[in-house]
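Listed below, chain by chain, are the residues.
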2 protein chains.
Amino acid sequence: MDDPFAEPTDTREAILGAAFHALCEHGYADLTIKRIGEAFEKSPSLVYHHYDGKDELLVDLLEFLLEGFETTVAGDAFDLPPRARLDAYVAAMTDPNGVDDERAPDGRFLAAMVELRAQAATDEAYREHFDRSDRVFRRFLERSIREAAAEGRPDGRGIEEGTAPGGADVDPAAVAETLQTLSIGAMVRRSTTTDREWTGAVREEASRYLSRTLPAVDPDA
Amino acid sequence: MDDPFAEPTDTREAILGAAFHALCEHGYADLTIKRIGEAFEKSPSLVYHHYDGKDELLVDLLEFLLEGFETTVAGDAFDLPPRARLDAYVAAMTDPNGVDDERAPDGRFLAAMVELRAQAATDEAYREHFDRSDRVFRRFLERSIREAAAEGRPDGRGIEEGTAPGGADVDPAAVAETLQTLSIGAMVRRSTTTDREWTGAVREEASRYLSRTLPAVDPDA
């Protein structure tokens, strides 16, 4: 993946960049403000000046990265057709190191995300972040699903009753929640097990699910 | 859920029971051998005698619980028809407190599992456990999928070429990996966010996926 902190514009970004690199290197449990300070090129005491502890810093890092994703999505930086975009999203979460795209997150980053996400089981600040984060990714997926459903139609818009098997009765939001849940599960399995045999099966089944489901999705729902 | 440690048969089980209850109460980060000792009715020093640290104890707890699941499954204690068993599995992982079944794991237990699973991102002993654990659950799901696919056939066995849409070309193992990945994602979302609106959508889409996929699964594959 591109380094999101290659050109920090202020002290906050420089600190977050140091935290990002230290997190990918040491993992959550072994990360300390001291280690972040060591990865920080200016005075480590500046880190203590800005943040009360490592969790406050890491939640700010998560927010910064999420804002970056929102900016990327809003700017249409994903220059893929909607259906290909959905397949690429599942692939990036399932087998990040097998994806030949410099924008795909790498394995160490996703493993760190899994560790931070687990903090939300007991920490309110992390939980609020992941509530917001899941909404952002859900909206991205839902928009892509509406576009992919419209793409398959002759007029590029809604479908007439009865033209799809069982009618156009599938809610695009429900498909988005399902892809989102599957992707989180893939990211967690990928980061917490050694076995990789399942990754191809999950990508193929997600693709089959989309191919069967998109014709029944009403893009105007 | 039933307390798997209601009647410990030896000191190991008594210690694991104390750890289980302390883990559900305090969460992983705040769990200490001292707190496990306090939840243990005999001498806390016995805990130190049996285990070198909290992670060694918790990996042994995970193994014990997994062996309990394997015994339950081997004994056919899940007295549900195969298709209902699959829906119940997804439901228990997605919305444990909404499942009216005393065998379903409760929310605090699943949250603790998510925290322990995150340790596998950096700890080899946890990683080995979750590799094994994923294989056990995958085999349970795969067997249920084969049985559910056979159940839908007039003769209860394999299908002839061409009788299912696209032929019987779906590998039951691939469907099992997908359900397993979706269930892990659901468990993680459930434990790390406050939003619950997605749970119904995921259960419905998983059910629709199974209904569309099972006719194309060859139970003898």
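Rules used throughout
Residues numbered from 1 in each chain as written. Chains lettered and ligands numbered in written order. Predicted model: local features only at pLDDT ≥ 70, side-chain atom pairs only at ≥ 80, totals over all residues. Heavy atoms only, no water. Contact = heavy atoms within 4.5 Å. Buried area = accessible area lost by both parts, 1.4 Å probe. Salt bridge = Lys/Arg side-chain N within 4 Å of Asp/Glu carboxyl O. Polar contact = N/O pair within 3.5 Å; in protein donor to acceptor, adjacent residues only side chain to side chain. Helix = DSSP H or I, 4+ residues; strand = E, 2+ residues; numbered from the N terminus. Nonpolar A, V, L, I, M, F, W, Y, C, P; charged D, E, K, R; others polar. 1 Å grid on protein atoms, 1.4 Å probe; cavity = no way out; pocket = protein on both sides within 12 Å on 5 of 7 lines; lining within 4 Å. Points joined across faces, edges and corners; volume = space filled by probe spheres on them. Phe/Tyr/Trp six-rings, centres within 6.5 Å; stacked < 30°, edge-to-face > 60°. Buried < 20%, exposed > 50% of the residue type's maximum accessible area, 1.4 Å probe, protein only. Expected span 1.5 Å × (residues − 1). UniProt positions renumbered as here; feature names shortened; annotations may be inferred. Least-squares fit on C-alpha atoms with pLDDT ≥ 70 in both. Axes fitted to C-alpha atoms, helices over the stretch in contact; angles between N-to-C directions. Parallel < 35°, antiparallel > 145°, perpendicular 65-115°, else oblique.

Structural notes on the interface of chain B and chain A
Here is step 1 of the chain: At the junction of the two partners, chain B supplies 43 residues and chain A supplies 43 residues.
Here is step 2 of the chain: Summing both sides of the interface, chain B and chain A together bury roughly 3,600 Å²; the carbon and sulfur share of this comes to 56%.
Here is step 3 of the chain: Linking chain B with chain A are four salt bridges.
Here is step 4 of the chain: One salt bridge connects D134(A) with R189(B), and the closest N-O pair in it is separated by 3.2 Å.
Here is step 5 of the chain: Linking chain B with chain A are 19 residue pairs in polar contact (both at pLDDT 80 or more), by the criterion used here.
Here is step 6 of the chain: The set of elements that each furnish at least two residues to the side of chain B that touches chain A consists of α6 (107-119), α7 (124-151), α8 (172-192) and α9 (198-213) of chain B.
Here is step 7 of the chain: For the side of chain B that touches chain A, the leading source of residues is α8(B), giving 14 residues.
Here is step 8 of the chain: Along the lines of polarity and charge, the residues of the side of chain B that touches chain A split into 19 nonpolar, eleven polar and 13 charged.

Digging into empty space enclosed by the protein
One water molecule sets the probe size; rolling that probe over the atoms shows where empty space is left.
Here is step 1 of the chain: By the definition in use, this model includes three cavities of 30 Å³ or more.
Here is step 2 of the chain: In this structure, the largest cavity occupies an estimated 130 Å³ of space.
Here is step 3 of the chain: Around the largest cavity, the lining residues are T178(A), L179(A), L182(A), E205(A), A206(A), Y209(A), T178(B), L179(B), L182(B), E205(B), A206(B) and Y209(B).
Here is step 4 of the chain: For the lining of the largest cavity, the secondary-structure elements that each account for two or more residues are α8 (172-192) and α9 (198-213) of chain A together with α8 and α9 of chain B.
Here is step 5 of the chain: Residues that form the lining of the largest cavity fall into these classes: eight nonpolar, two polar and two charged.
Here is step 6 of the chain: Taken as a whole, the second largest cavity spans an internal volume of roughly 40 Å³.
Here is step 7 of the chain: Around the second largest cavity sit V114(A), R117(A), A118(A), V188(A), V114(B), R117(B), A118(B) and V188(B), which together line it.
Here is step 8 of the chain: Of all the secondary structure elements, the ones that give two or more residues to the lining of the second largest cavity are α6 (107-119) of chain A together with α6 of chain B.

A few points about the packing of aromatic side chains
Residues and elements named next belong to chain A.
Here is step 1 of the chain: Tallied over the entire structure, the rule returns 15 aromatic pairs over all chains.
Here is step 2 of the chain: Between F20 and F109, the aromatic rings sit 5.6 Å apart at their centres with planes inclined by 50°, giving tilted as the arrangement. Placement of F20 in helix α1 (residues 11-26) and of F109 in helix α6 is noted, with a sequence separation of 89 residues between them.
Here is step 3 of the chain: Take F20: its relative accessible area is 6%, and that puts it in the buried class.
Here is step 4 of the chain: Judged by relative accessible area, which is 10%, F109 ranks as buried.

With respect to helix α7 (residues 124-151) of chain A
Here is step 1 of the chain: Taking 1.5 Å as the rise per residue, α7(A) with 28 residues should run 40 Å; its terminal C-alpha atoms sit 40 Å apart, in good agreement.
Here is step 2 of the chain: Between the side-chain oxygen at the start of α7(A) and the backbone nitrogen of A125(A) there is a gap of 2.9 Å, and the oxygen is on D123(A).

Observations concerning the UniProt feature "DNA-binding region" (unreviewed entry) in chain A
Here is step 1 of the chain: The positions that UniProt labels "DNA-binding region" (unreviewed entry) are, in the present scheme, residues 32-51 of chain A.
Here is step 2 of the chain: Here residues 32-51 of chain A is 65% helix and 0% strand, with 12 Å between the C-alpha atoms at its ends.

Brief notes about the relation of the copies chain B and chain A
Here is step 1 of the chain: With an RMSD of 0.0 Å, the fit of chain B onto chain A corresponds to turning through 180° and sliding 0.0 Å along the axis. Both chain copies can therefore be described as sitting about a two-fold axis. Using C-alpha coordinates, one finds that chain B approaches the rotation axis most closely at G185(B), a distance of 1.7 Å.
Here is step 2 of the chain: Most of the interface of chain B is mirrored in chain A: 100% of its interface residues are interface residues there too.

Things to note about the side chain of E205(A)
Here is step 1 of the chain: With respect to the secondary-structure elements, E205(A) resides in helix α9.
Here is step 2 of the chain: Ignoring any residue separated from it by four or fewer positions in sequence, one finds E205(A) in contact with V170(B), A174(B), V175(B), T178(B), Y209(B) and T213(B).

Points about the packing of helix α1 (residues 11-26) of chain B against α6(B)
All names here are of chain B.
Here is step 1 of the chain: At a closest axis distance of 9 Å, the pairing of α1 and α6 adopts a crossing angle of 90°. The orientation of α1 relative to α6 falls into the category roughly perpendicular. Contacts between α1 and α6 involve F20, L23, C24 and E25 on the former and, on the latter, R108, F109, A112 and L116.
Here is step 2 of the chain: Classifying every residue of the contact of α1 with α6 by side-chain character gives six nonpolar, no polar and two charged.

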